[in-house]
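Here's the letter readout for the chains.
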Amino acid sequence: QVQLVESGGGLVQPGGSLRLSCAASGSGFSILAMGWYRQAPGKQRELVAAITRGGSTNYADSVKGRFTISRDNTKNTVYLQMNSLKPEDTAVYSCNAQAQIVTTMMVGDYWGQGTQVTVSS
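Described in the following lines is the structure provided in the data block.

Conventions adopted
- Sequence order as written defines the numbering, with residues in each chain counted from 1.
- Owing to the predicted nature of the model, reporting of local features is limited to residues with pLDDT of at least 70; listing and counting of side-chain atom pairs is limited to 80 or more, with chain, interface and lining totals taken over all residues.
- Computation of side-chain values: all heavy atoms of the structure, hydrogens and water removed.
- Numbered from the N terminus, helices here are DSSP runs of H or I no shorter than four residues, and strands are runs of E no shorter than two.
- DSSP bridges decide pairing: two strands pair if at least two such bridges lie between them.
- A fitted line through C-alpha atoms serves as each axis, taken over the contacting stretch for helices, and the angle formed by two N-to-C directions is quoted from 0 to 180°.
- By definition here, a salt bridge exists when the distance from a side-chain nitrogen of Lys or Arg to a carboxyl oxygen of Asp or Glu is within 4 Å.
- Using a 1.4 Å probe on the protein chains alone, a residue whose accessible area is under 20% of its type maximum counts as buried, one over 50% counts as exposed, and one in between counts as partly exposed.
- The aromatic pairing rule takes the rings of Phe, Tyr and Trp, using the six-membered ring of Trp, and pairs them if the centres are within 6.5 Å, calling planes under 30 degrees apart stacked, those over 60 edge-to-face and the rest tilted.
- Any Lys NZ or Arg CZ that is within 6 Å of a ring centre and within 35 degrees of that ring's normal is treated as a charge sitting over the ring.

1. Description of unusual backbone geometry
You will see that S84, though not glycine, has its phi angle at about 50°, which is positive. With respect to the element layout, S84 can be found in the loop between strand 8 (77-82) and strand 9 (91-101). In this model, M105 sits at a positive phi of 65°, which is unusual for a non-glycine residue. Along the polypeptide, M105 turns up in the loop between strand 9 and strand 10 (107-111).

2. Regarding the sheet that holds strand 3 (residues 18-26)
The four strands are arranged 1-3-8-7 in an open sheet whose pairing can be described as antiparallel. Sheet topology places strand 1 (2-7) and strand 7 (67-72) at the edges, where each strand pairs with a single neighbour. On average, each strand axis in the sheet is inclined to that of its neighbour by 15°, with strand direction left out of account. Sheet topology places strand 7 next to strand 8; six bridges connect them, and they run antiparallel. Its bridge partner lying in strand 8, R71 is registered against V78.

3. Describing the pattern of salt bridges
Per the counting criterion, the structure on display carries four salt bridges. The residue R38 makes a salt bridge to D89 at a minimum N-O spacing of 3.0 Å. Here D89 lies in the loop between strand 8 and strand 9 and R38 lies in strand 4 (residues 29-39), a separation of 51 residues in the sequence. Residue classification places D89 among the buried residues on the basis of a relative accessible area of 1%. The closest approach of N and O atoms between D89 and R66, which form a salt bridge, is 2.8 Å. Here R66 lies in the loop between strand 6 (57-59) and strand 7 and D89 lies in the loop between strand 8 and strand 9, a separation of 23 residues in the sequence. Judged by relative accessible area, which is 11%, R66 ranks as buried. If you follow the salt bridges from partner to partner, you end up with R38, E46, R66 and D89 in one network.

4. Some words on the packing of aromatic side chains
The final tally for this structure, using the stated rule, is one aromatic pair. Stacked on the ring of Y37, the Lys or Arg R45 has its end atom at 5.8 Å from the ring centre. Above the plane of the ring of W111 lies R45, whose end atom (NZ or CZ) is 3.9 Å from the centre.

Right, here's the structure in full:
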């Protein structure tokens with residue numbers, strides 16, 4: 001089983017920065033793609049950024065140039081550096097990982113518990 005644990009959320013003023021981390025733990029799996037999603041009150045969950053095992057990245061248009069996703073494959077950890085934060089970035093941010101179970105070769109989606117990011121003065 002794959003468990004994802006996020007950290008780094010909080011309250012920040014507009015223009016500030018935060019760094020989110022998400023570590024995958026467990027055994028018998030190989031992490032493929034990892035990503036961050038967010039959901040604001042009354043809105044649908046949206047993809048913020050994703051990164052493949054090889055390092056290819058994809059960003060939502062609304063965060064391009066401000067957010068940077070990275071990962072450490074040796075630690076099964078993904079990071080989201082968020083700069084120039086805006087009030088509209090306020091949401092619950094959730095980590096997602098696509099993992100392949102070694103014994104069955106099946107690929108599944110796994111989610112963290114979510115961390116609140118609030119951008120407000």
